Amino acid sequence: MNSYDAIIIGSGHNGLTTGCYLAKNGFKVLVLERRDTIGGAVCTERMFESPENPNGFLMDVGSSVHIMIHQTGIIEELELTKYGLEYIDMDPIMSYPVSTGKGVIHFWKDVDRTLESISKVAPEDVKNYKEFIDFWGKINKGVLKAFMTKPTTGGIIAELAKAQIKDGAMFKKGESTSGLQKILSSYGKVVDDAFDSPHMKAALLWFAAQSGPLPDHSATGDFAGWQSMLHQSGAKHPKGGSGMLTQAMKNLIEAHGGEVKANHPIMKILIENGEAIGVQTEEGEEFRAPIIVSNAHVQTTMMKMVGREHLGDSMFKKVEDINVGNGFGMVIRCAVEELPQYTAAPDDPYIHNGIQLMAPSVQYMKNAIGDYTKKLPPEKPAVLAMTFSKIDPEVAKDGKHTMFVWAQWHPYELANGLKWDDIREQEAQKIYDVVVDYAPNMKGKLIDWYIQSPLDIERKHGLLKGNVMHVEMSFDQMFMFRPIPEMSRYETPIKNLYLSSASCHPGGGVFGAAGHNAAQVILKKSKKKKWFS
Ligand SMILES: Cc1cc2nc3c(=O)[nH]c(=O)nc-3n(C[C@H](O)[C@H](O)[C@H](O)COP(=O)(O)OP(=O)(O)OC[C@H]3O[C@@H](n4cnc5c(N)ncnc54)[C@H](O)[C@@H]3O)c2cc1C
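Residues numbered from 1 in each chain as written. Predicted model: local features only at pLDDT ≥ 70, side-chain atom pairs only at ≥ 80, totals over all residues.

Trainee: How do you make sense of the site of the ligand when you look at a structure like this?
Mentor: Inspection of the region around the ligand gives 36 residues, with Gly10, Gly12, Gly40, Ser63 and Gly508 positioned closest. Where the shell around the ligand is concerned, the elements lending two or more residues are helix 1 (13–24) and helix 17 (454–461). Take the shell around the ligand: its biggest share by element is 3 residues, from helix 1. Grouping the amino acids of the shell around the ligand by side-chain chemistry returns 15 nonpolar, 18 polar and 3 charged. (Near = placed C-beta within 6 Å. Helix = DSSP H or I, 4+ residues; strand = E, 2+ residues; numbered from the N terminus. Nonpolar A, V, L, I, M, F, W, Y, C, P; charged D, E, K, R; others polar.)

Trainee: Can you walk me through helix 11 (residues 244–255) in this structure?
Mentor: What sets the pattern is the α-helix's 3.6 residues per turn: residues three or four places apart point alike. Here helix 11 spans 16 Å end to end across 12 residues, near enough to the 16 Å set by a 1.5 Å rise per residue. Here helix 11 lies mainly inside the structure; 9 of its 12 residues are buried. Turning to helix 11, its buried residues number three or more, namely Met244, Leu245, Thr246, Gln247, Ala248, Met249, Lys250, Leu252 and Ile253. Packing partners of the buried residues in helix 11 comprise helix 1, strand 2 (29–32), strand 3 (44–47), strand 8 (235–238) and strand 9 (259–261). Count one or two residues on from helix 11 and you reach Gly257, which has phi positive near 85°. (Expected span 1.5 Å × (residues − 1). Buried ≥ 20, exposed ≤ 12 C-beta atoms within 10 Å, placed from the backbone. Contact = placed C-beta atoms within 7 Å.)

Trainee: Sorry, what's going on with the sheet that holds strand 13 (residues 291–294) here?
Mentor: The strands making up a sheet associate through backbone hydrogen bonding, with each pair oriented either parallel or antiparallel. Overall, parallel pairing links the 5 strands, which are arranged 9-2-1-13-19 in an open sheet. Edge positions in the sheet fall to strand 9 and strand 19 (497–499), since each of these pairs with one other strand and no more. If you compare each strand with its neighbour and ignore which way they point, the axes differ by 20° on average. The pairing of strand 1 (residues 6–9) with strand 2 spans 4 bridges and is classified as parallel. Note that in strand 2 the partner of Ala6 across the bridge is Val29. (Pairing = 2+ DSSP bridges. Axes fitted to C-alpha atoms, helices over the stretch in contact; angles between N-to-C directions.)

See the structure below:
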């Protein structure tokens, strides 16, 4: 039997990030993935090959837009470009075509260019946006630091205080208190207070909603404030598709003597005397290592692979009680004949570079949320489109285009006896129709599509209830509360069993921070062990 220093269950980007850091530090790493392809929710697949489109289309089946990972330094530290990763800038990062009449707001990486665009559609908010970005930029300096280390009680407050001391007059008198108050407020209120134009309110609310919690949830203010960080990192898409990130990570692990195996679903973590010693696949194959890291969902890991017999009733219940929410959104991956031509911005040369936000007003989103709370799919979904074939010809080589359309809010559990397998096509059509409302040229331009309802997302990725962030990103499940206080520092009650996924601090999205932090904890502990042995 091969011997390994660490086994990682799951090949999502957080698990692979941990694997990369361990491999670079001399660990022999084995990654075991349930699916037939690696990457978890950072994965691209070729679809819809036909005589007319012999190359098919490269479709992301999870994430597409990489933002947060570019704020962490992970890509540079791991030197992932040496392993095949090449990023393409999405600039403007996002655009908001006005649903009634003409005009589009482009949010460029460059703040001044953004202000110029805002001045054409919402001149009343030019100053407000500048102040908003400055204010939240200061706060988020501290927040980002707290994200890149294991959480401590009061970590975010401590980081804010440290940043304040370090940067001297970073905040004017009273500003830091006001910052804390805004963080503790809801992002719906933060946006409403900060802007006057209905278009700016709708654009920023819709983008902030991508983190999951509803706009009136308390302590979500920074979901809107994170807009400030976009102007520092920009948004990017890997050439060839989102999955090229995880492919590069796999290449790094293999180049350092590790192995990454698909088609290896783990059924059980082997535990002896309260200590993890290995894993067993569904087919009964066993692998052993002194360190086991799970990148799978925390409930899958602790309730299925560990089990009540090792956790005890009270810890098992705590894990069971983690709030996973009730679904989030759904997505259609379309192969299309041409790009959408927006009525609001005909012939705009930039709009297809980034995210195209389609939510006509705050009230429109409130209506969709109203349907969601009744456990019904939205009558009119809020959507955002991404057209990567415009900036990356690799993904559609036969002269056609890709258009991914993400929509919210779609409950996983439905009322009135509705079942996702029965309604997925009709809900997908509603999403496509919103694009047609904005860009009438798209009528009849669909070549084929791959639909992902909340149930499809759960089935494919093991993302329970279709929550793309693993567990709810509500404040009571962030920082030292994520996923539960007893497991918030990447360790578990089972000795040598670690967690490394979006289930942990600082949460979901293409970020890598949880994987990075878990690796730091493991490396620190194993250094100590070597010292004493
Ligand atoms: C449709 C969709 C769109 C998204 N869009 C974006 C976006 O544009 N931008 C963004 O920032 N974020 C986006 N996200 C969210 C983001 O992709 C995820 O939050 C993040 O990738 C989670 O990474 P992870 O490594 O923590 O976990 P995961 O990617 O969930 O990885 C967990 C891995 O564990 C594996 N696994 C589970 N059980 C077992 C088992 N028994 N044995 C072995 N392996 C197992 C899974 O198959 C998976 O590979 C999106 C997600 C989805 C699903």
